[in-house]
Structures are given as C-alpha cells and as structure tokens.
Amino acid sequence: MSESVSNQSDTEAKFSSAPWENPLRDAGDKRLPLIAGPSGMVIFGVTGDLAKKKLLPAIYDLASRGLLPAGFPLVGYGRRDWSKQDFEQYVLEAVKAGARTEFRENVWQRLAEGMHFVKGNFDDDAAFDALAAQLKELDASRGTAGNWAFYLSVPPDYFSDVCHQLQRSGMAHAQGHAWRRVIVEKPFGNDQQTARELNRLINSVFPEKSVFRIDHYLGKETVQNIMALRFANQLFDPLWNSHYIDHVQITMAEDIGLGGRAGYYDGIGAARDVIQNHLIQLLALVAMEEPIDFTPEQLQAEKIKVLRATSPVEPFAKTTARGQYASGWQGSEYVQGLREEEGFDPNSTTETYAACTLQINSRRWAGVPFYLRTGKRLGRRVTEIALVFKDAPHQPFSEGSRHAQGQNVVVIRVQPDEGMLMRFGSKVPGSGMEVRDVNMDFSYSEAFTEESPEAYERLILDALLDEASLFPTNEEVELSWKILDPILEYWAQRGQPEEYPAGTWGPESADRMLARHNRAWRRP
Ligand code: BG6
C-alpha cells in the first residue's frame, strides 16, 4: 500500500470515528434524515447575498444537527484578498446573523477547522489550479474521499467560465468511486432558448445526474406537503378535478421592495424571477398525476407530463397583468417607488408584479383556469395555493339566507403561518336557516412540535446525499420557459407596466383579469 493511500485511510478512519456531536440525535430514530457521507463543498460567489443570508447559515445548521460528514471542508472562492481567518470571520458573522439553530462553540470550531478561501477570478487558470491543489490536500487531511459539490452562486454570465475551468483543471471529474456534483442557482436563462444553451453548456461538463438546479421553494416543508396531502389521503383526490374545482389561484406576495437588488432584478422582473420557477413548480405539484413513487425519475416524469400539457391562455391583454410599484404606504412606512430606488433606471420597464392565466390540457383540468400572481411591495407577505370550488349544483336555501356564503375553498398556506385552511358554509346558530362561511384551520406550529428546517438546509443535504427528487431537471426548466415565453414576448412590446401604489394588492388590470369571469383574487 502506498504511503498516501494509507494516510488517506487513516484520515477517513479518524473522521468516521468522530461524528458530529449532537446530543439530540437518536441514532435509532428512523425519521431522522440521513447523514451526508464523506464530502466537501466549494462555493463560487461566496461573498454574494445568497451565500451570506442563506447558504452559510444552512451549512452551519446542518453541522449543528449532526448531518454533515465529520471532516466536512467548506471552501470559498472569490476575488477578495482574504486569508483563512478573514473567511472564517465572514462565515461566523453570516452564521450568527442567519442560522436557525442555536450557536454552539464546539460545532463552530469544528466547522471552521475545515474552512479555506481561494482567491481568484472565474477565468483565472492559476487560481483554479490552486483550488484543485487545495481540494487534493483536503481529500488527504479531511477524509472527503474525493467527493466534492461545487455550488455556483454566481450570475449565469459566469457559468461558462467556471464550468470550463472546472473541466480544464480536472476538478469536474473524479477518480474511481468518488463523485463531483454541481449545484446551480437561478436564473436558468432568460427564455427557453437561453435556458437550452445554458443546459447544453452545463451538461457538456457535468452529466445531468450530477447537476442539481436549485428551486428553493421545493425545499420548503409546506411545498412537499402538497404531495402528502394529495397522495396520502382519500379525502381530497375525488374532488381534485374540473368536475368540482372552478379555478386555482397561486399567489406569492411579498411586502419587501427591491432596494439593493437592482443589479440582479432590473431587466429580469417578477415573471422571470418567480413565476418561471417557483410558481410553475407549485402548479406542477398541485396538478400532476400521482407518481408511482417519489424517486426522482417518477416524480420528474409526472411533473414533465403536466408541464407539457400546460399553456398560457390568450388574449394576453385580458388574461395577464403586469405592474410596477410606485411610492405609497407600506403599513406605517412611506416607501419609494421602484424608479426612485437606487440603481434602477428611472425609465425602467421591469415589472414588479406579474399575473397570468394558464390552462392544463388534460381530462382532469380541462376548463379550469390556473391564475398565477406574484409581486413586490404588496399588502403583505404570503404564499398560498387556493383551490376554489364550483357552487353546489342545487341549493334548497333561499337567496337571502346565503348572502354571507362564498365558494368553498381549500387553501394550502405555504408561508407564513404554514398550514391549510378549508372554507365552507355553515348554519348560523339561531332559529332561521342562515348560512355563513367558516374556516377550518390546520397550522403546522400547532400540530407539530418539530421546527421545519430551512429550504436550503434540506436542498444542500439532498445534493450531498445524491437525492435528486427536489431538483428540477433541464427539461422542466425548458418547459417552464416555453409556457412563459409568449407572455414575455407580448409584454416586451407594451412599454411601461401599469403603476400600483406600494402596500396595495397590485395593478387594477389584475383585478379586471378575474372580474371578467365574475371571479376575484383572494385577499389573504
Ligand atoms: C427568490 C427571488 O427566488 O425568492 C426573490 O429571487 C424573492 O425575489 C425570494 O424575494 C422569496 O423567497 P421566500 O423563500 O422568502 O419566499
């Protein structure tokens, strides 16, 4: 046995006999998530907002829950002239500000030991060679067994450079049983054509099974619960179709504005930022048929089938709406409009509100419109899916006795106040027969004592475990663009979006979109 091989197995033995300490973890508990095997992660774009606010805290939380391999090394790559200590300090601040779990010094010390920073541009041969040498050293000293995940938290313009450098320096391909994976952040292109080119580029370096595209909505517990709700119960499925459902509303409303995000958002807008990925994925999960099981292949096959059957409803002048927030009262604060925000072009045509009508050409959903909407600086932060039911075909009640009754609704509340709500008519106590709407509410926080992990915790762990179910494939991404592209093309010819005051529920055209069919958006 060569010396380096024996050193390496000594290191592996050292780390495998010293798992992360987690007094809360009972090894016999089958409900606990798996622990990632020997591996490490390199983050490109580690100084960016996403890494600071989400990725680094999530990595700490995984370490704290005992779910990372013992010697887990975390390597940051970026342009700053940082030492290992500078990097550690930066990660420490991010963790203290954003981690979900309690800060524990011993967990931190152990994670910090494995941290390194490599300085360089994304097209710098020498810096990538230095990174490759660093990974080799860490393979030997931290027991990673050559298994590395590369997290591309960089704008897509840099994907090409990073992928080519990973290939040129030999890091994209592992020896023997070791693995290399790439985790990619959105935006996955600007339309179907550019998404295709991006996929081709990534797949020219990493085979599709090694590519993990992040859609962080799929990492949310409530989003995974859509599948539990639909397929673990008998209660809902018989009603989950065009015989009973009048229409579906998928809403992702935010109260925040875009201050500080002009660089990313201007020119992208709400539809590309949110509808193309999060909202179309929610639609797929709500509308797909039951998968044979929850393996990535089966789940993705069902999502792809329903996305292929989905298309936008025309004419877009009546079936879509687009807006841009103007100044206004957001609660008790008077806030600026988009065009006054720093970094935005005062003539910007970027929409901060987008709504559209989609249809699904299948037996289950024929004739049921799916209304999708998202916006910044709306009345409040809420993401929900509402299935609005048709009226009962016959009512033995007088008109007057039902004046306070609307349509039945099932609402899946993705966030905040995660849970589910059913709204239906009930008799008002008293001698008459008056019917009024009531709510039946399930709330995660009341039903379960466990706290939900953050979406990024789940997704980073899944990528390390090679569990691909919650990652959209290249085909899903391209199909989502195919659905959205005709609307984007139409909007591109329309100039400025309609303004709506901050703190309201969007432009008037969005209300007209539904009013035309005697429907209205929910005010969640
Ligand atoms: C991101 C969008 O994907 O999701 C942001 O780029 C948006 O614009 C964010 O604010 C919202 O995520 P969450 O998890 O807070 O709903």
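Analysis parameters
The residue numbers shown here count from 1 along each chain, following its written sequence. With pLDDT at 70 or above as the cut-off, local features in this predicted model cover only qualifying residues; side-chain atom pairs require 80 or more to be listed or tallied, and sums for whole chains, interfaces and linings still use all residues. Side-chain measures here rest on the full set of heavy atoms in the structure, leaving out hydrogens and waters. Proximity criterion: a residue is near a molecule or strand once any of its heavy atoms comes within 4 Å of it. Polar contact is defined as a pair of N or O atoms within 3.5 Å, subject to the rule that within protein one atom must be able to donate a hydrogen and the other to accept it, and that residues adjacent in sequence are counted only when both atoms are side-chain atoms. Surface accessibility in these figures is a Shrake-Rupley result with a 1.4 Å probe; residues are shielded only by whichever protein chains are displayed. For this classification, the nonpolar set comprises Ala, Val, Leu, Ile, Met, Phe, Trp, Tyr, Cys and Pro, the charged set comprises Asp, Glu, Lys and Arg, and every other residue, Gly included, is treated as polar. Put simply, DSSP H or I for four residues or longer makes a helix, DSSP E for two residues or longer makes a strand, and each gets a number counted from the N terminus. We call a residue buried when its accessible area falls under 20% of the maximum for its residue type, exposed when it is over 50%, and partly exposed in between, using a 1.4 Å probe and counting protein chains only. For this analysis, residues touch if any pair of their heavy atoms sits within 4.5 Å. UniProt positions are given in the numbering used here, feature names are shortened, and annotations may be inferred rather than shown by experiment. Cavities and pockets are defined on a 1 Å grid built over the protein atoms alone: a cavity is a set of grid points where a 1.4 Å probe fits but cannot escape, while a pocket is an open set with protein on both sides within 12 Å along at least five of seven lines, and lining residues are those with an atom within 4 Å of any such point. Grid points are joined across faces, edges and corners, and a volume is the space filled by probe spheres set on the points. Note on pairing: two strands pair once DSSP finds at least 2 bridges between them. Within this scheme, the nonpolar core is defined by two criteria: the residues are buried Ala, Val, Leu, Ile, Met, Phe, Trp, Tyr or Cys, and they are joined through side-chain atoms within 4.5 Å. Axis lines are fitted to C-alpha atoms, over the contacting stretch for helices. Their N-to-C directions set the angle, which ranges from 0 to 180 degrees. Note that the term roughly parallel is reserved for angles under 35 degrees, roughly antiparallel for angles over 145, roughly perpendicular for angles of 65 to 115, and oblique for everything else. Handedness of a crossing follows from how the near helix is turned relative to the far one, being left-handed for an anticlockwise turn of less than a right angle and right-handed for a clockwise one.

A. Molecular detail of the site of the ligand. Around the ligand, the surrounding shell holds 13 residues, and the nearest of these are Tyr217, Lys220, Glu254, Asp273 and Lys376. At a separation of 2.7 Å, an oxygen atom of the ligand approaches a polar side-chain atom of histidine 278. Protein chains bury 83% of the 400 Å² of accessible surface belonging to the ligand in isolation. In terms of residue class, the shell around the ligand is built from 3 nonpolar, 3 polar and 7 charged.

B. Seen up close, the environment of phenylalanine 87. Note on placement: phenylalanine 87 falls in helix 3 (residues 84-98). By relative accessible area, phenylalanine 87 is classed as buried at 0%. Taking the C-alpha atoms as reference points, phenylalanine 87 and alanine 132, 45 residues apart in sequence, are found 19 Å from one another. Excluding anything up to four places from it in sequence, phenylalanine 87 contacts Val46, Leu74, Gly76, Trp82, Met115, His116 and Phe117.

C. Local environment of the UniProt feature "binding site: NADP(+)" (unreviewed entry) in the protein chain. As annotated by UniProt and renumbered to match this structure, "binding site: NADP(+)" (unreviewed entry) occupies Arg79 and Lys186. Among the secondary structure elements, arginine 79 is positioned in the loop between strand 2 (74-78) and helix 3. With near-sequence residues (within four places) excluded, arginine 79 lies in contact with Lys119, Gly120, Asn121 and Tyr158. For lysine 186, the position within the fold is in the loop between strand 5 (180-184) and helix 7 (192-205). Leaving out residues up to four positions away in the same chain, lysine 186 has contacts with Ile214, Tyr264, Asp273, Asn277 and His278. A distance of 3.4 Å separates a polar atom in the side chain of lysine 186 from a polar atom in the side chain of tyrosine 264.

D. Just the UniProt feature "binding site: substrate" (unreviewed entry) in the protein chain, in detail. Under the UniProt annotation, the feature "binding site: substrate" (unreviewed entry) is placed at His216, Lys220, Glu254, Asp273 and Lys376. Here histidine 216 is to be found in the loop between strand 6 (211-213) and helix 8 (221-231). When near neighbours in sequence (up to four residues on either side) are disregarded, histidine 216 contacts His278, Ala455, Tyr456 and Leu459. Within the secondary structure, aspartate 273 is located in helix 10 (residues 269-287).

E. A look at empty space enclosed by the protein. Enumeration over the complete set of coordinates arrives at 1 cavity of 30 Å³ or more. As a volume, the largest cavity reaches approximately 50 Å³. Taken together, Phe188, Asp215, Gln276, Asn277, Gln281, Pro472, Val477 and Ser480 make up the lining of the largest cavity. Breaking the lining of the largest cavity down by element, the ones donating at least two residues are helix 10 and helix 15 (474-492). Here the residues of the lining of the largest cavity are counted per class, giving 3 nonpolar, 4 polar and 1 charged.

F. Representation of the pairing of strand 12 (residues 353-360). Counting buried positions along strand 12 gives 7 out of 8 residues, so the element sits mostly inside the fold. Bridge analysis of strand 8 (residues 310-312) against strand 12 gives 3 bridges, and the strand direction is antiparallel. Across the sheet, the residue bridging to proline 312 is leucine 358, located in strand 12. When strand 9 (residues 321-326) meets strand 12, the two strands line up antiparallel, connected through 3 bridges. Following the sheet pairing, alanine 321 is matched in strand 12 by alanine 355. In the sheet, strand 12 pairs with strand 13 (residues 370-375) via 6 bridges, with the strands oriented antiparallel. If you follow threonine 357 over to strand 13, its bridge partner there is tyrosine 371.

G. Geometry of unusual backbone geometry. In the segment running from glutamate 314 into proline 315, the intervening peptide bond is cis, with an omega of -5°. Within the secondary structure, proline 315 is located in the loop between strand 8 and helix 12 (316-319). That bond from glutamine 415 to proline 416 is cis: its omega, -15°, falls within 30 degrees of zero. Within the secondary structure layout, proline 416 lies in the loop between strand 15 (409-415) and strand 16 (419-427). In the Ramachandran plot, aspartate 417 falls in the positive-phi region, its phi being about 55° despite a non-glycine side chain.

H. Region of interest: the nonpolar core. Formed by 150 residues in total, the largest nonpolar core has its most connected members in Met41, Phe44, Leu131, Phe150, Phe370 and Leu372. Discounting chain neighbours no more than four positions away, the residues touching phenylalanine 370 are Val248, Leu283, Val286, Ala287, Cys356, Thr357, Leu358, Ile360 and Trp365. Ranked by size, the runner-up nonpolar core spans 5 residues in total, among them Ala386, Val409, Val411 and Leu421.

I. Spatial organisation of the packing of helix 8 against helix 10. Remark: helix 8 packs on helix 10, axes separated minimally by 9 Å, with the N-to-C direction vectors making an angle of 10°. Classified by the angle between their axes, helix 8 and helix 10 sit roughly parallel to one another. Here the hand of the crossing between helix 8 and helix 10 comes out right-handed. Between helix 8, through Val223, Ile226, Met227 and Arg230, and helix 10, the contact on the second element is made entirely by Leu282, Leu285, Val286 and Ala287.

J. Broad picture of the packing of helix 5 (residues 125-142) against helix 6 (residues 159-168). Where helix 5 contacts helix 6, the two axes come as close as 10 Å, and the packing angle between them is 55°. If you check the angle between helix 5 and helix 6, you find them oblique. Remark: the crossing between helix 5 and helix 6 carries right-handed chirality. Residue-level contacts link Asp125, Phe128 and Asp129 of helix 5 to Val162, Gln165, Leu166 and Arg168 of helix 6. Residue composition of the contact of helix 5 with helix 6, by class: 3 nonpolar, 1 polar and 3 charged.

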